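Read off the chains here:
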Amino acid sequence: MGTAEISQTRQLRLLTPVNVPLTLSMLRRGVGDPTTRRDGTRLWRTSRMPSGPVTYVLSQPDPRVVEAQAWGPGASELLEGLPGLSGADDDPTGFVPHHPIVADAFRRFPGLRVPRTGRVLEALIPAVIEQKVVGLDAFAAWRRLNLRFGEPAPGPAPSGMRVFPTAEQWAAIPSWEWHRAGVDPQRARTAQACARLGQQVDRLATTHPDDHAAVYRGLRSIPGVGVWTAAEVGSRALGDADAVPFGDYHVAKDTGRALIGRAVDDQELAEILQPWRPHRFRVVRLVQLSPLARPERRGPRMPRVDHRHI
């Protein structure tokens, strides 16, 4: 048997409850994401580790237990990083939800954590694709590119699942394929600039494991990668509970409405969130999940643009 057919397993027993499906839901890029699939209570995902592609499935027979099974050349490496991936390494100690809406969400979602996948490029490329466009359009482009250039998932993965392409494959995608996927030239150039630095980009997480600021400086040195894109990487690949996506079309307005009753800009949001350091992203995420924090449905919205027809 090859490594794609042989499975490896690991079980984590945790001191505190963790809601793995909720924690990892932010890794899914839309309902059609071919790298992620829900199967009842089980969560299937694929990834590309330094040691190779991997398919893995996570389940929780108990909130304090995480069971993982993995296939492919990257299986051992993936399972070794399971505590970070599942959010078990995220420590909310010291977080005081001193606002009624935040406190309510913290009670409703006690197992919510911030994941640390360690896969910087895997978080960076989709973040670039999502820059300054409607989420639905970005998710559609992500799906098209992975179906076109990603390899079939190893092991008994659900039909249609794909593995994130290699950095070399991303860098070699011709301009017309980006266009056909719905990605404009500026975002395509930025994504390929990131891909050409693939190994260096992924090493940022291991070279500076406890220095998020150094990782962000490295990311922002790439033309086209700014504060928002770096933060999107931090809250997924680095486990950074303080990674506020300043510059987001909705975050400042929606968080402001929830916390002080009106929309704010990024500068005001920074002031509002300052007392919650180093848990500012945790607050943003709890507000996003809260049924008490209803975003404004009226007013201007970001226009949808189909770049395939431009």
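A. How the structure looks around the packing of aromatic side chains. In the structure shown here, the tally under the stated rule is six aromatic pairs. Both rings, one in Trp 142 and one in Phe 164, keep their centres 6.1 Å apart while their planes meet at 35°; by these two values the pair is tilted. Highlighted residues: Trp 142 in helix 6 (residues 135-149) and Phe 164 in the loop between strand 7 (162-163) and helix 7 (167-172), separated in sequence by 22 residues. With respect to burial, Trp 142 and Phe 164 carry one shared label: buried. A connected cluster of aromatic rings, assembled from ring pairs, spans Trp 142, Phe 164, Trp 170 and Trp 178. The side chain of Arg 148 reaches across the aromatic face of Phe 149, ending 5.0 Å from its centre.

B. Quick peek at the layout of surface pockets. Estimates place the volume of the second largest pocket at around 970 Å³. As for the second largest pocket, its lining consists of 43 residues, of which Arg 48, Pro 50, Gly 118, Arg 119 and Asp 202 are closest to the centre. When contributions to the lining of the second largest pocket are tallied by element, the ones reaching two or more residues are strand 3 (42-49), strand 4 (52-62), helix 2 (75-80), helix 5 (120-129), helix 7, helix 10 (198-207), helix 11 (212-220) and helix 12 (227-237). When grouped by side-chain class, the residues that make up the lining of the second largest pocket number 19 nonpolar, 13 polar and eleven charged.

C. Representation of the pairing of strand 3 in the model. The buried fraction of strand 3 is high, at seven of eight residues. Here strand 2 (residues 36-39) runs beside strand 3; their pairing, made up of four bridges, is antiparallel. Bridged to Arg 37 within strand 3 is Trp 44. Alignment of strand 3 against strand 4, held across seven bridges, turns out to be antiparallel. Note that in strand 4 the partner of Met 49 across the bridge is Gly 52.

D. Expanded view of the sheet that holds strand 1 (residues 7-13). Judged by pairing direction, the sheet is antiparallel, and its five strands sit side by side in the order 1-5-4-3-2 without closing on themselves. The strands lining the two open edges of the sheet, one partner per strand, are strand 1 and strand 2. Strand-to-strand, the axes of this sheet are offset by a mean angle of 25°, without reference to chain direction. Taken together, the six bridges between strand 4 and strand 5 (residues 65-71) define a ladder with antiparallel strand orientation. When the bridges of strand 5 are listed, Leu 58 appears paired with Ala 68.

E. Seen up close, the side chain of Gln 192. Inspection of the secondary structure puts Gln 192 in helix 9 (residues 185-196). Among the polar contacts made by the side chain of Gln 192, one reaches the main-chain carbonyl oxygen of Trp 170 at a distance of 3.1 Å. A distance of 2.9 Å separates a polar atom in the side chain of Gln 192 from the backbone oxygen of Ile 173. Leave out the neighbours within four places in its chain, and Gln 192 touches Trp 170, Ala 171, Ala 172, Ile 173 and Trp 178.

F. Broad picture of the environment of Ala 103. Within the secondary structure layout, Ala 103 lies in helix 4 (residues 100-108). By relative accessible area, which is 15% here, Ala 103 ends up buried. Each C-alpha atom, one on Ala 103 and one on Gly 160, is 40 Å from the other, the two residues being 57 residues apart in sequence.

G. A look at the packing of helix 5 against helix 6. Between helix 5 and helix 6, the least distance of the axes is 9 Å, while the angle of their chain directions is 130°. By the angle class used here, helix 5 and helix 6 are oblique. Judged by the twist between their axes, the crossing of helix 5 over helix 6 is right-handed. The segment helix 5 lies against helix 6, with Glu 122, Ile 125, Pro 126 and Ile 129 engaging Ala 138, Ala 141, Trp 142 and Leu 145. Residue composition of the contact of helix 5 with helix 6, by class: seven nonpolar, no polar and one charged.

H. Examining the nonpolar core more closely. Within the largest apolar cluster, 39 residues are counted, with the highest numbers of intra-cluster contacts made by Leu 124, Ile 125, Leu 145, Trp 170 and Leu 219. Counting only elements with at least two residues in this core, the list comes to helix 5, helix 6, helix 7, helix 8 (175-181), helix 9, helix 10, helix 11 and helix 12. When residues of this core are assigned to their parent elements, the largest contribution, seven residues, is made by helix 5. Those residues in contact with Leu 124 that sit more than four places away from it in its chain are Cys 194, Val 201, Leu 219, Ile 222, Val 225, Thr 229 and Val 233. Judged by nonpolar contacts, the second largest core, of 21 residues, contains Val 102, Leu 112, Leu 259 and Val 287.

Procedures and definitions
Residues numbered from 1 in each chain as written. Predicted model: local features only at pLDDT ≥ 70, side-chain atom pairs only at ≥ 80, totals over all residues. Heavy atoms only, no water. Phe/Tyr/Trp six-rings, centres within 6.5 Å; stacked < 30°, edge-to-face > 60°. Helix = DSSP H or I, 4+ residues; strand = E, 2+ residues; numbered from the N terminus. Buried < 20%, exposed > 50% of the residue type's maximum accessible area, 1.4 Å probe, protein only. Lys NZ or Arg CZ within 6 Å of the ring centre and 35° of its normal. 1 Å grid on protein atoms, 1.4 Å probe; cavity = no way out; pocket = protein on both sides within 12 Å on 5 of 7 lines; lining within 4 Å. Points joined across faces, edges and corners; volume = space filled by probe spheres on them. Nonpolar A, V, L, I, M, F, W, Y, C, P; charged D, E, K, R; others polar. Pairing = 2+ DSSP bridges. Axes fitted to C-alpha atoms, helices over the stretch in contact; angles between N-to-C directions. Polar contact = N/O pair within 3.5 Å; in protein donor to acceptor, adjacent residues only side chain to side chain. Contact = heavy atoms within 4.5 Å. Parallel < 35°, antiparallel > 145°, perpendicular 65-115°, else oblique. Left-handed = near helix turned anticlockwise from the far one by under 90°. Core = buried A, V, L, I, M, F, W, Y, C linked by side-chain atoms within 4.5 Å.

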